[in-house]
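If you want the building blocks of each chain, they are given just below.
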2 protein chains.
Amino acid sequence: MKLDTVRIVLVGTTHPGNIGATARAMKTMGLTELWLVQPKLFPDQKANEMAAGADDILNQAKVVSSLDEALVQCHYAFATSARARELGLPGFAPAQAATYISEQMDAKIAIVFGREHAGLTNEELLKCHYHINIPANPQYSSLNLSQAVQLIAYELRIKIAAPKIEVTTLVHEHARIEDVELFYAHLRTVLKEVEFLKPENEKKILQRMRRLFNRIHLEPLEVNILRGILTQVQSRIKSGQDNNG
Amino acid sequence: MKLDTVRIVLVGTTHPGNIGATARAMKTMGLTELWLVQPKLFPDQKANEMAAGADDILNQAKVVSSLDEALVQCHYAFATSARARELGLPGFAPAQAATYISEQMDAKIAIVFGREHAGLTNEELLKCHYHINIPANPQYSSLNLSQAVQLIAYELRIKIAAPKIEVTTLVHEHARIEDVELFYAHLRTVLKEVEFLKPENEKKILQRMRRLFNRIHLEPLEVNILRGILTQVQSRIKSGQDNNG
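Conventions used here
Residues numbered from 1 in each chain as written. Chains lettered and ligands numbered in written order. Predicted model: local features only at pLDDT ≥ 70, side-chain atom pairs only at ≥ 80, totals over all residues. Heavy atoms only, no water. Phe/Tyr/Trp six-rings, centres within 6.5 Å; stacked < 30°, edge-to-face > 60°. Helix = DSSP H or I, 4+ residues; strand = E, 2+ residues; numbered from the N terminus. Buried < 20%, exposed > 50% of the residue type's maximum accessible area, 1.4 Å probe, protein only. Contact = heavy atoms within 4.5 Å. Buried area = accessible area lost by both parts, 1.4 Å probe. Salt bridge = Lys/Arg side-chain N within 4 Å of Asp/Glu carboxyl O. Polar contact = N/O pair within 3.5 Å; in protein donor to acceptor, adjacent residues only side chain to side chain. Nonpolar A, V, L, I, M, F, W, Y, C, P; charged D, E, K, R; others polar. Pairing = 2+ DSSP bridges. Axes fitted to C-alpha atoms, helices over the stretch in contact; angles between N-to-C directions.

Colleague: In this structure, what is going on with the packing of aromatic side chains? I would like to understand it.
Modeller: The geometry of an aromatic ring pair is captured by two quantities: the separation of the ring centres and the angle between the planes. Scanning all chains against the criterion turns up 22 aromatic pairs over all chains. Here the aromatic rings of Tyr76(A) and Tyr100(A) are separated by 6.3 Å at their centres, their planes lie at 70°, and the arrangement is edge-to-face. Here Tyr76(A) is found in strand E4 (residues 76–80), whereas its partner Tyr100(A) is found in helix H5 (residues 94–102), with 24 residues between them in sequence. Where Phe183(A) meets Phe213(A), the ring centres are 5.1 Å apart and the plane angle is 80°; that geometry is what we call edge-to-face. Here the residue Phe183(A) occupies a position in helix H8 (residues 177–193), and Phe213(A) occupies one in helix H9 (residues 202–216), the gap between them amounting to 30 residues. By relative accessible area, which is 2% here, Phe183(A) ends up buried. Through a chain of ring-to-ring contacts, the aromatic side chains of Phe183(A), Tyr184(A), Phe213(A), Phe183(B), Tyr184(B) and Phe213(B) assemble into a single cluster.

Colleague: Looking at this structure, how should I read the interface of chain B and chain A?
Modeller: A common way to state how big an interface is: give the accessible area lost once the parts meet. If you look at the interface, chain B gives 66 residues, while chain A gives 71 residues. Between chain B and chain A lies a buried interface of about 5,700 Å² when both sides are counted; carbon and sulfur atoms form 60% of it. Inspection of the chain B/chain A interface yields 5 salt bridges. Close ionic contact of Arg208(A) with Glu219(B) constitutes a salt bridge, the shortest N to O distance being 3.4 Å. Linking chain B with chain A are 25 residue pairs in polar contact (both at pLDDT 80 or more), by the criterion used here. Counting residues per element, the side of chain B that touches chain A draws most heavily on helix H10 (residues 220–244) of chain B, at 14 residues. Along the lines of polarity and charge, the residues of the side of chain B that touches chain A split into 35 nonpolar, 19 polar and 12 charged.

Colleague: Where do I start with the sheet that holds strand E2 (residues 33–37) of chain B in this structure?
Modeller: In a beta sheet, neighbouring strands pair by backbone hydrogen bonds and run either parallel or antiparallel. Residue and element names in this part refer to chain B. Judged by pairing direction, the sheet is parallel, and its 7 strands sit side by side in the order E3-E2-E1-E6-E4-E7-E5 without closing on themselves. Each having just a single partner strand, strand E3 (62–64) and strand E5 (91–92) make up the two edges of the open sheet. Pairing between strand E4 (residues 76–80) and strand E7 (residues 130–132): 3 bridges, direction parallel. When the sheet's bridge partners are listed, Thr80 is paired in E7 with Ile132. Of the strands in this sheet, strand E1 (7–11) and E2 touch helix H1 (residues 16–29), which is tilted by about 160° from E2. Across the sheet, helix H7 (residues 145–161) lies against E1, E4, strand E6 (109–113) and E7, angled at about 155° from E6, the strand it touches most.

That's the geometry; what it means functionally is another story.
Structure, rendered in structure tokens:
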């Protein structure tokens, strides 16, 4: 794992100054890859002012219109949100998350930061596999966005840039997030076709399925098999209907 | 050692926004005591804007005219400056410094941060007993002032307030093995009914599915949902066949 392959994703940032301060925070720790989901103002002079020499990070930043797009090519996503805990995502302290990330040799990792006030939506949280819980004063836990990025980047630098003993880790091949998303979409379609999903339970069931399969870290072949099963179910239902019609 | 007895000292701060951001950074980690040596502008509206609710820290902040005054009542002072190393001050990484500070039961400790561009003078550095060296990208090591405060405050919080960080160890309810076996049997039946399993691939596919779902540690509710889906698929296929027959 190299520091400059970790992707920082900011979702719905309101203040361009925070984007600039984030770029600076990243660069001080050796991170370079910044993706912005629907920033309110970007590019913006205030971002460049706050970047204070980290303009290269801003210039390379990718602006996209959804979290899905920002997670393209990634194998895991970490959400930085206290609320992720309520949804049952497995949680790490920053140092633990950094250790874990440092051990993922060939995986592409995204760390997702939410809106300044509203954070991430439940839907966005459920696209992530883990959450990182930054320890904070329970009476006043609202870290500035770029400060949160700074802490995570700092822990990553300590764990990744510091020399360490090579450990034999289980080499999983990981499916890409976008391929897993296509599986979720396919699953949803089939669950509707077999009338398992109804308007009153649809959201809850789909959240449950997402939570379940995100825990596994699907491999590419597994995604293929699961989608093969879904396709076969569809074709069997359709052939029944065709014969019937 | 208590967090709120550690004194943060900012020397010669130029931008009042950095003072506000520092107050916020301190408060998120449970620090409260801020001393300002000859700030260029303070109080200032920009400081309050950036404090974002940590105004109490700003209101209690002491403004003094020299570092000597800011170190009154303290037993040790830590300088955060890369240049302190050149002067031969004993150096710590942030986590080490925080551990050391956490062990000083009755000592009053100050942590001193220099000017945004010029840092601390040699004279000021030599009034400190130790320095803290924040790890950073050697090509771009200029952390924003409030970011440096945030990192140190974070390490202090970990070492002083939360020596054992509480991690969300996911309290899973685990499904019983026999119930998961019933799910596997049901899955096999349905995969045969939809003609996904064929004699030549059956063994391999079922092994794959077992490996996949065993990795998840299914919860009882998840087993119920998965079996509900299988039952619904069966009923849809059957209704197609019945209508057909």
